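Examination of the molecular architecture
For reference, the chains in residue letters:
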Amino acid sequence: MAAEMISVDDAKKVILKHAAVLPPARFALQQAAGMVLAEQIVSSLNIPAYPQSSMDGYAFSFREWKEHKSLKIDGELAAGSNETFTLPPNNAVRIFTGAPVPPGADTVVMQEKIKIDNDCLVIEDENILSGSNVRATGSEIKAGELALAKDTLLTPAAIGFLAGIGITEVLVYPLPAVSIIVTGNELQTPGQPLLQGQVYESNSFSLQAALKQLHITATKVFKAEDTLETVTRVIEEALLQSDIVFLSGGVSVGNYDFVAEAASQNGIEKIFHKIKQRPGKPFYFGKKGNKLIFGLPGNPASVLTCFYEYIEPAIKKIGKQNSALLAMQAPLAKPFKKAAGLTHFLKGFYDGKIVTALNAQESYRLSSFANANCLIKIDEEITTREKGDMVEIHLLPV
Ligand code: AMP
Ligand code: MG
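Residues numbered from 1 in each chain as written. Chains lettered and ligands numbered in written order. Predicted model: local features only at pLDDT ≥ 70, side-chain atom pairs only at ≥ 80, totals over all residues. Heavy atoms only, no water.

If you walk across this open sheet you meet the six strands as S17-S14-S18-S22-S21-S19, and the pairing is mixed. With partners counted over all chains shown, the strands left at the sheet margins are strand S17 (220-224) and strand S19 (269-273), one partner each. Recorded for the sheet is a direction-independent mean angle of 20° between the axes of neighbouring strands. In terms of strand pairing, strand S14 (residues 178-183) meets strand S18 (residues 244-248) through five bridges, oriented parallel. The partner of Val178 across the bridge, within S18, is Ile244. This element, helix H7 (residues 300-318), spans S18 and strand S22 (291-296) of the sheet and lies at about 170° to S22. (Pairing = 2+ DSSP bridges. Helix = DSSP H or I, 4+ residues; strand = E, 2+ residues; numbered from the N terminus. Axes fitted to C-alpha atoms, helices over the stretch in contact; angles between N-to-C directions. Contact = heavy atoms within 4.5 Å.)

Turning our eyes to something else, we now look at the environment of Gly341. When you line up the elements, Gly341 lands in the loop between strand S24 (336-337) and strand S25 (343-350). Judged by relative accessible area, which is 35%, Gly341 ranks as partly exposed. The spacing of Gly341 and Gln277 is 64 residues in sequence and 8.2 Å in space, taken between C-alpha atoms. Beyond its immediate sequence surroundings of up to four residues, Gly341 is in contact with Lys276 and Glu380. (Buried < 20%, exposed > 50% of the residue type's maximum accessible area, 1.4 Å probe, protein only.)

What follows covers the site of ligand 1. Residues in close proximity to ligand 1 total 16 residues, the closest being Glu186, Glu201, Ser202, Gly250 and Gly298. In the model, a nitrogen atom of ligand 1 is placed 2.9 Å from a nitrogen or oxygen of the Ser202 main chain. Within the backbone of Gly250, a nitrogen or oxygen atom sits 2.8 Å from an oxygen atom of ligand 1. Alone, ligand 1 offers 480 Å² of accessible surface; in the complex the protein occludes 76% of this. (Near = heavy atom within 4 Å. Polar contact = N/O pair within 3.5 Å; in protein donor to acceptor, adjacent residues only side chain to side chain. Areas by Shrake-Rupley, 256 points an atom, 1.4 Å probe, with all protein chains shown as cover.)

Moving on, we come to the layout of surface pockets. To find leftover empty space, one rolls a probe the size of a water molecule over the atoms. Taken as a whole, the largest pocket holds about 690 Å³ of empty space. Forming the boundary of the largest pocket are 41 residues, of which Pro297, Gly298, Asn299, Pro300 and Ser363 lie nearest the centre. Looking at the lining of the largest pocket element by element, the count peaks at four residues for S25. Looking at the lining of the largest pocket, its residues break down into 15 nonpolar, 18 polar and eight charged. (1 Å grid on protein atoms, 1.4 Å probe; cavity = no way out; pocket = protein on both sides within 12 Å on 5 of 7 lines; lining within 4 Å. Points joined across faces, edges and corners; volume = space filled by probe spheres on them. Nonpolar A, V, L, I, M, F, W, Y, C, P; charged D, E, K, R; others polar.)

In spatial order, the strands read S8-S5-S7-S6-S10-S9; together these six strands make up an open sheet with mixed pairing. Looking at which strands have only one partner, the edges of the open sheet turn out to be strand S8 (107-110) and strand S9 (114-117). On average, each strand axis in the sheet is inclined to that of its neighbour by 40°, with strand direction left out of account. As paired strands, strand S6 (residues 71-77) and strand S7 (residues 91-95) are joined by four bridges and run parallel to one another. The partner of Ile73 across the bridge, within S7, is Ala92.

Among all positions in helix H3 (residues 156-164), only Ala158, Ile159 and Leu162 are buried. In an axial view of H3, the angular spread of the buried residues amounts to 100°, which keeps them on one side of the axis. Exposed residues lying more than 90 degrees from the buried face of H3 are Pro156 and Ala157. Contacts made by the buried residues of H3 are with strand S3 (41-42), strand S12 (146-148) and strand S13 (169-173). At the exit of H3 stands Gly166, carrying a positive phi of roughly 90°. (Arc of directions from axis to C-beta.)

Glancing now at the packing of aromatic side chains. Throughout the structure, instances matching the rule amount to eleven aromatic pairs. Arranged with centres 6.1 Å apart and planes meeting at 85°, the rings of Phe246 and Phe307 form a pair that is edge-to-face. Placement of the pair is Phe246 in strand S18 and Phe307 in helix H7, with a sequence separation of 61 residues. Here the two residues Phe246 and Phe307 agree in accessibility, since each one is buried. With 5.9 Å between their ring centres and 25° between their planes, Phe272 and Phe283 make a pair best called stacked. Linking Phe272 in strand S19 with Phe283 in the loop between strand S20 (277-278) and strand S21 (284-288), this pair joins segments that are eleven residues apart in sequence. Judged on exposure class, the residue Phe272 and its partner Phe283 are both buried. A network of ring pairs unites the aromatic residues Phe246, Phe272, Phe283, Phe285, Phe294, Phe307, Tyr308, Tyr310 and Phe369 as a single cluster. (Phe/Tyr/Trp six-rings, centres within 6.5 Å; stacked < 30°, edge-to-face > 60°.)

Right, dumping it as structure tokens:
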């Protein structure tokens with residue numbers, strides 16, 4: 001049996017090899033957060049579009065002030081003001097942050113650094129220079145300049161930047177459409193009473209939450225009872241509407257584990273079944289055309305471990321994002337022992353200096369995972385690790 005199992009590193013490589021970028025599509029800017037640009041964006045406007053006050057204060061001509069020292073205050077310009085106003089010679093105008101600095105003025109003094117004497121402005125700012133507190137036209141970006149390059153990840157800041165130059169739609173690499181099929185006759189929906197022999201169905205909840213962190217929100221959830229006919233039919237239905245299908249449970253060797261057989265009946269090509277790891281040994285990976293099928297062992301900690309270690313990197317590759325979980329080395333807080341043969345992924349907490357393997361590592365338990373911020377990878381052949389030994393940790397997304 002062990003000879004058929006694929007190693008953790010090979011499993012990762014094989015999955016990534018089969019994960020292909022989806023063709024670019026146009027999205028409304030608000031829908032494109034977390035996706036990668038498939039085009040470069042050039043600004044069609046100067047931003048700011050006019051010289052803009054960056055302070056609440058008074059606008060004036062620096063040269064006139066140097067000559068006369070006292071300027072007559074007249075009028076007011078608030079943000080959003082669309083008056084056509086030209087500053088008369090030897091005047092200053094009350095102005096607020098964001099308002100257009102009028103022709104005739106080139107400098108703004110903060111309201112904290114002035115005195116008013118007989119309706120005249122007296123400036124008490126030793127550091128003021130010509131152009132102080134004025135954002136020049138096009139100083140953020142000029143018409144015709146590159147705003148964002150192709151392949152830029154649309155972070156919240158990038159989305160705001162594009163909105164700020166008037167962009168409403170972008171060509172991006174879409175994220176995959178995902179379906180989740182939960183199998184298991186014992187599963188009960190949270191909110192319903194838990195009857196004898198039942199467990200609350202939690203895997204669709206953790207998976208949907210994990211997908212949300214990747215900006216995948218329109219996930220479809222199917223429930224399938226443990227028969228070959230049902231699992232086969234539900235896989236067929238899920239494949240019609242998704243790029244990726246997750247199955248939870250039914251992927252092991254029990255009499256009610258029909259996932260591998262049902263996948264094969266749907267013409268899915270098995271790429272591998274079983275990885276030399278704990279948790280998540282029975283993990284199944286298959287492919288039909290460009291669609292990827294992940295059979296996740298039903299135990300809740302296995303589901304999430306497999307998601308973070310294998311599926312998240314695949315989804316990121318499909319969306320043309322290059323970052324996977326952040327891997328680093330950290331010293332172990334306590335010694336650790338295991339048998340050789342399987343790579344272990346331990347739920348860990350890294351405090352910035354040392355990493356602690358948490359209690360409750362069993363794959364049916366999520367209490368430790370719920371408090372973990374990393375997975376500790378202990379390689380296949382390793383049997384003991386001492387306190388202070390450096391181990392590889394994979395930081396979980398927050
Ligand atoms: P299986 O992989 O189907 O043998 O399931 C392994 C364990 O995970 C069993 O104890 C199941 O009851 C449990 N399990 C399976 N699916 C879920 C689920 N969706 N939510 C919570 N527990 C599950
Ligand atoms: Mg089951």
